[in-house]
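# Close look at the chain arrangement
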Amino acid sequence: MELVPSAPLSSGPLQSPLLDGVDYAATEYMLGIDEAGRGPVLGPLVYGCAFCPVSQEPRLRKMGFMDSKVLTEEKRDALWAAMQDRGTNGFLGWDIAVISAEEISKQMLSTNRRSLNALSFDAAIGLIRAVLERGVHVTQVFVDTVGDAAVYQERLERLFPQCAITVAPKADSKYPIVSAASICAKVPRDELTRAWQFVEAGGSLDRAYGSGYPADEETKAWLARSCDPVFGLPRFARFSWSTTQQLLKERAVAVAWPDDEEGGPSQSKMGAYFHKPGDKRATTARHRLFKRSKLHLVKELR
Amino acid sequence: MFEARLTKGELIKKVIEALKDLVTEANFDISATGIQLQAMDSSHVSLCALQMKAEGFDHFRCDRSMPLGINLSSMSKVLKCCNKDDIVTLKAEDDGDSINFMFESKDQDKISDFELKLMDIDSEHFGIPDTDYKATVTMSASEFTRICNDLSILGETVAISVGKDGVRFSVSGEMGTGNMTVRDNTSSDTKEADRVEIDMEEPVNLNFALRYLKSFAKAAPLTDRVSLCLSRDVPLLVKYEIPEFGSLSYYLAPKIDDES
């Protein structure tokens, strides 16, 4: 799966650097995982993971890592800024996985449909694996629940038998390492969404899309005005959401898929046989290219 | 002004019933010789041509030729109020914006009248070329209706082939295939209503969308007989002649095999 953001993160790389002087294999590490942007109809879903030596957990508490939804935006930004600091990186590392709206749409609407939960599992597993592969000796993993906590926990235990796994609802308010992870998810997600660079509609789309949640009036209005009858919505929208599907049904032109139609002879039109008086059109047969590609005249120019 | 009175008012009702599935709105072209209508369905696959002769009416007056643009589903709703034996009178002023329908019961004890707004409909007539059809089948109108309805259970497209054995209607669909063959029986002493006359110069085999044929078949209550006229590479003509009144003709563009 592609885990690349569709807009640049101005704050830099998607993971913290591993520092030279630190022996990541010697100490026992704890790792937390949280997500941001699961519900919105717009923008990416971001997974954040944070890791620190088990012994350093109290230090995280002191820094003020709490549930990112409880923290103010300024506080979150300050914590995120601190996490960019080399001094902090000495004991607190992080990694981010971005699942773009485009990727969500693609996966959820593909022939082999994958649920958002399945995408979430993969993102979380990918993050744990990446940290382990970088040589960090992770012994404890804390994850915020997605779907059934027991099933999720069992799966992670099978994949990472070397780690003690804890999957719990509201993990971000219980474990500081998950709070740190939620900052890694929430702040970049907000930034990605706020600064989204539209490639569609010649850059004419505005960014007044509100919270991005389907129930937000501002979001609804933005979706409605950004919906082109032919090109539909920009890839910033999640096409697998019922909100978008309903909107496209109402506002966009319906597409007729010739492949869905029954095979066999194709229907000819009356205009091919009867002509309006004064119609100077040549009566020679149409070239077979047009016939073969089933191209019909839609409108006559006079 | 225009004024037309028809004792068999039911005819008008049946004509509209036979058109309204295919055409939502159309111009009724009124002239001293009668009423004509030509309209295509919305997908431009079929064309309906109605002719009601002035002589067919009990009274017919038209001072100036003009088109009366009417929404057929509205007209059909108005005609729902016309009883089977009612006498119908149509009236329109030369520069009016409405048409008036009056229904009188046979013994004059009930009179209803309705006014329907006229609409401006942009329509240009197609020149229908005179075609010397290679095959003409005349048969019972109700039997043709039945064939269309029965075959449409199996598929969407019917192949009509006229050969020396008769006329064969074939359908193939996901469920299976079906064929119905009707033979010329003019030499036997069949009742006139069930008679099948096949006039064939050369064999013809064409494909048509049953959906349209089923709509055409709604004209069956107008008359007993229907004619199917076919030639290669031209639209099928399904014609319902209404004795001493006029005719309702339907043209249907064939479905074409791209391979051929």
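Residues numbered from 1 in each chain as written. Chains lettered and ligands numbered in written order. Predicted model: local features only at pLDDT ≥ 70, side-chain atom pairs only at ≥ 80, totals over all residues. Heavy atoms only, no water.

With that out of the way, let us pick up the overall build of chain B. Secondary structure summary: chain B contains four helices and 19 strands in total. For 260 residues, the compact-globule formula gives about 18 Å, and the C-alpha radius of gyration of chain B, at 20 Å, lands near that figure. Out of the 260 residues belonging to chain B, those deemed buried represent 52%. (Helix = DSSP H or I, 4+ residues; strand = E, 2+ residues; numbered from the N terminus. Rg over C-alpha atoms; globule rule 2.2 N^0.38 Å. Buried < 20%, exposed > 50% of the residue type's maximum accessible area, 1.4 Å probe, protein only.)

This part is about the UniProt feature "binding site: a divalent metal cation" (unreviewed entry) in chain A. Residue and element names in this part refer to chain A. Residues annotated in UniProt with the feature "binding site: a divalent metal cation" (unreviewed entry) correspond here to Asp 34, Glu 35 and Asp 144. Spanning 111 residues, the named residues form one tight spatial group whose C-alpha atoms are at most 8.0 Å apart. Relative to the elements of secondary structure, Asp 34 occurs in strand β1 (residues 29-36). On the basis of relative accessibility, which here comes to 2%, the residue Asp 34 falls in the buried class. Apart from residues lying up to four places away in sequence, Asp 34 is in contact with Val 46, Tyr 47, Gly 48, Asp 144, Asp 172, Val 178, Ala 181, Ser 182 and Ala 185. The residue Asp 144 is located in strand β4 (residues 138-144) in this model. Judged by its relative accessible area of 16%, Asp 144 falls in the buried class. From its side chain, Asp 144 meets the backbone nitrogen of Lys 170 in a polar contact 3.0 Å long. (UniProt positions renumbered as here; feature names shortened; annotations may be inferred. Contact = heavy atoms within 4.5 Å. Polar contact = N/O pair within 3.5 Å; in protein donor to acceptor, adjacent residues only side chain to side chain.)

A few words now on the UniProt feature "domain: Proliferating cell nuclear antigen PCNA N-terminal" (unreviewed entry) in chain B. What UniProt calls "domain: Proliferating cell nuclear antigen PCNA N-terminal" (unreviewed entry) maps, in this numbering, to residues 1-124 of chain B. End C-alpha atoms of residues 1-124 of chain B are separated by 23 Å, and the span's content is 15% helix alongside 46% strand.

Residue and element names in this part refer to chain A. The buried count for β4 comes to six of seven residues, which makes it a mostly enclosed element. Bridging between β1 and β4 involves five bridges; their strand directions are parallel. Bridge pairing in β4 links Gly 32 to Phe 142. Pairing geometry for β4 and strand β5 (residues 164-168), over five bridges, is parallel. (Pairing = 2+ DSSP bridges.)

Another point: the sheet that holds strand β7 (residues 87-92) of chain B. Residue and element names in this part refer to chain B. Strand order in the open sheet formed by five strands is β5-β1-β7-β8-β9, with antiparallel pairing between adjacent strands. Single-partner strands in this sheet number two, and they are β5 (59-62) and β9 (111-117). The average undirected angle you get between the axes of adjacent strands in this sheet is 15°. The pairing of β7 with strand β8 (residues 98-104) spans five bridges and is classified as antiparallel. When the sheet's bridge partners are listed, Val 88 is paired in β8 with Phe 103. Its contacts with the sheet put helix α2 (residues 72-79) on β8 and β9, and the angle it makes with β8 is roughly 25°. (Axes fitted to C-alpha atoms, helices over the stretch in contact; angles between N-to-C directions.)

This part covers the sheet that holds strand β17 (residues 236-242) of chain B. All names here are of chain B. Pairing is antiparallel across the open sheet formed by nine strands, whose spatial order is β6-β2-β3-β4-β18-β17-β16-β10-β14. Each edge of the open sheet carries a strand with a single partner, namely β6 (66-71) and β14 (197-200). The average undirected angle you get between the axes of adjacent strands in this sheet is 15°. Of the strand pairs in this sheet, strand β2 (residues 25-31) and β6 are connected by six bridges, and their pairing is antiparallel. Its bridge partner being in β6, Phe 28 is matched across the sheet by Leu 68. Sitting on the sheet, helix α1 (residues 10-19) is in contact with β2, β3 (34-40), β4 (46-53), β17 and β18 (246-252), with an inclination near 170° to β4. Its contacts with the sheet put helix α3 (residues 141-151) on β10 (135-140), β16 (225-230) and β17, and the angle it makes with β10 is roughly 100°.

What follows is about the domain arrangement of chain B. Accessible area lost upon the coming together of the parts is a frequently used measure of interface size. Residues and elements named next belong to chain B. Assigned domains within chain B: domain 1 (2-117) and domain 2 (135-252). Averaged C-alpha coordinates put domain 1 and domain 2 at centres separated by 27 Å. Buried surface at the junction of domain 1 and domain 2, summed over both partners, amounts to about 1,700 Å²; 66% is from carbon and sulfur atoms. Sorting the residues of domain 1 by area buried against domain 2 places Leu 11, Ala 18 and Leu 22 first, and these three jointly supply 25% of that buried surface. Put simply, domain 1 and domain 2 have one salt bridge between them. Measuring nitrogen to oxygen at the nearest pair gives 2.7 Å for the salt bridge that ties Lys 218 to Asp 21. For the pair domain 1 and domain 2, the number of links is eight residue pairs in polar contact (both at pLDDT 80 or more). Counting only elements with at least two residues in the side of domain 1 that touches domain 2, the list comes to α1 and β4. (Domains from an automatic or database assignment. Buried area = accessible area lost by both parts, 1.4 Å probe. Salt bridge = Lys/Arg side-chain N within 4 Å of Asp/Glu carboxyl O.)

Right, let's talk about the pairing of β7(B) for a bit. Residue and element names in this part refer to chain B. For β7, the buried fraction is high: five of the six residues fall into the buried class. When strand β1 (residues 2-6) meets β7, the two strands line up antiparallel, connected through five bridges. Bridge pairing links Ala 4 to Leu 90 in β7. From the end of β7 to the start of β8, which pair antiparallel, there are five residues.

In this section: the packing of α1(B) against α2(B). All names here are of chain B. At a minimum axis distance of 10 Å, the contact between α1 and α2 shows a crossing angle of 145°. As for how α1 packs across α2, the hand of that crossing is left-handed. Contacts between α1 and α2 pair Ile 12, Lys 13, Ile 16, Glu 17 and Leu 19 from the former with Leu 72, Met 75, Ser 76 and Leu 79 from the latter. Tallied by class, the residues present in the contact of α1 with α2 amount to six nonpolar, one polar and two charged. (Left-handed = near helix turned anticlockwise from the far one by under 90°. Nonpolar A, V, L, I, M, F, W, Y, C, P; charged D, E, K, R; others polar.)

Quick look at the interface of chain B and chain A now. Listed as interface residues are 27 residues of chain B and, on the opposing side, 14 residues of chain A. Counting the surface lost from both chain B and chain A, the interface buries some 1,800 Å², and carbon and sulfur atoms represent 59% of this. Inspection of the chain B/chain A interface yields zero salt bridges. Here chain B and chain A share five residue pairs in polar contact (both at pLDDT 80 or more) between them. Breaking the side of chain B that touches chain A down by element, the ones donating at least two residues are β4, β15 (204-209), β18 and β19 (255-256) of chain B. Counted by class, the side of chain B that touches chain A contains 14 nonpolar, seven polar and six charged residues. Bridge analysis of strand β6 (residues 266-267) of chain A against β19(B) gives two bridges, and the strand direction is antiparallel. The residue of β19(B) that forms the bridge with A:Ser266 is B:Ile256.

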